[in-house]
Amino acid sequence: MTKVAAVVTRFEQFAPKFIAEKGDPVGLQLGSLETDVKKMMVTLDVRPEIVAEAINNDVNFIFAHHPAMFHPVKQFDLAVPQNRMYAELIKHQITVYGAHTNLDNANGGMNDWLAAALNLQQIKPLLPSKELPLQQLAVYVPQAAAATVRQALAAAGAGTIGDYQGCSFSAAGTGRFVPGEKTHPTIGQPLEPTATAEEKLEVIIKPQQAAAVIKALRAAHPYEEPVYYLTPIHGLNAKYGMGRVGTLTKKLTVKELAAVCKQVFGLTGVRVVAQDLQQPLKRVAVLGGSGGQFYPAAVKAGADVYLTGDLSYHTAHDILASGMAAIDFGHHVESICKPQLAKLFTTWKQENNWQFPIIQSQIATDPFQFL
Ligand SMILES: [Zn+2]
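In this text, all values refer to a predicted model and were calculated from it rather than measured experimentally. (Residues numbered from 1 in each chain as written. Predicted model: local features only at pLDDT ≥ 70, side-chain atom pairs only at ≥ 80, totals over all residues. Heavy atoms only, no water.)

Asks: How do you make sense of the pairing of strand E12 (residues 325–328) when you look at a structure like this?
Replies: Taken residue by residue, a regular strand's side chains alternate between the two faces of the sheet. On E12, burial covers both faces: Ala325 and Ile327 on one face and Ala326 and Asp328 on the other are all buried. With three bridges joining them, strand E9 (residues 271–273) and E12 adopt antiparallel strand pairing. Looking at E12, one finds that Arg271 is bridged to Asp328. The β-α-β motif built from strand E11 (residues 305–309), the intervening helix H10 (residues 313–322) and the parallel element E12 has right-handed crossover chirality. (Buried < 20%, exposed > 50% of the residue type's maximum accessible area, 1.4 Å probe, protein only. Helix = DSSP H or I, 4+ residues; strand = E, 2+ residues; numbered from the N terminus. Pairing = 2+ DSSP bridges. Right-handed = clockwise from strand over helix to strand, strands pointing away.)

The following block contains the structure:
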């Protein structure tokens, strides 16, 4: 059986918790990381109807984008529907995990999915917020085991640079050591000074990969005491950020782009903020969720239009005055995460030989309707 912890560890290599916004309650929401996963369901929201869907489908692990507990519980009064929902989850031993702004900010995550759905080109983060130095892992390996260790490191994701995988550098040398009395050396004998042909192997990793890569290294390395070290590489950073800005393949008017949004995201309506519906648009900023407060970043990035959700009256006035257009496509467009997360987890399932089924919630959780 595979534990929730193993599934979550793989996910957090893709979207580590430290790229989440401050104060965002990402991670385990309810239940236990030690639960054996029987069936997993990905969902945008955790609502009473979603919990019922999970129970009906024998799901015992819910992976959600929005945290289940936006508001802390002070009284566990079962007259409150939200509390009854928590009680149902506990009663049915369902574990819930939430990947919120770490999924928004991840490269290849929520905002990239939205930008790709709109076919935006030359995409960049709208709010580049986090930069973390990449690390260099150096390890000394006896020559006979060098290929095995190199392959194990690559399989654990080390040495991925852009679209290149399994990047490494090695140099031949001599390793020297004196094994202690109680050792079981792979090469040499206890208390005998030994010299042997070794390779120094160097790979680049992202900080969130360190634990998994070192585990793979220790498993593949033949020595009792493998020697390795990690060094941050200044000037070579992994960049993360919220929102995306890019360009349309051809100019569209505000009215045309609104129609594209409705079609792409399956919406019955969008709210439009524009001085002129015929205004031509080329540069588009997009930020899934409630992005009103970030509109100045879209203006600064030279966007002709800003696509986000939950725009408020006064923010819309400010946007209108700025001259930039905006389309409020709602918050529920983030349900694009369901097929995309299912795709990612299915890939990782194959790579790790996980046996449990993965399903997508079939329920739309948009609280709004247009009449
Ligand atoms: Zn959201």
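Following the structure, the description resumes.
Asks: Is there a simple way to think about the environment of Glu131 in this case?
Replies: Along the polypeptide, Glu131 turns up in strand E5 (residues 121–142). Looking at Glu131, the relative accessible area reads 46%, which means it is partly exposed. It is 29 Å that separates the C-alpha atoms of Glu131 and Thr315, two residues lying 184 residues apart in sequence. With residues near it in sequence (within four places) discarded, Glu131 still touches Asn237, Ala238 and Lys239. (Contact = heavy atoms within 4.5 Å.)

Asks: I tried to follow the sheet that holds strand E2 (residues 40–43) on my own but got confused; where do I start?
Replies: In a beta sheet, neighbouring strands are held together by backbone hydrogen bonds and run either parallel or antiparallel to one another. With mixed pairing, five strands are arranged side by side in an open sheet as E1-E4-E3-E2-E13. Looking at which strands have only one partner, the edges of the open sheet turn out to be strand E1 (27–30) and strand E13 (358–360). Along the sheet, successive strands turn relative to each other by an average axial angle of 25°, direction set aside. Direction of pairing for E1 relative to strand E4 (residues 95–98): antiparallel, over a ladder of three bridges. Bridge pairing links Leu28 to Tyr97 in E4. (Axes fitted to C-alpha atoms, helices over the stretch in contact; angles between N-to-C directions.)

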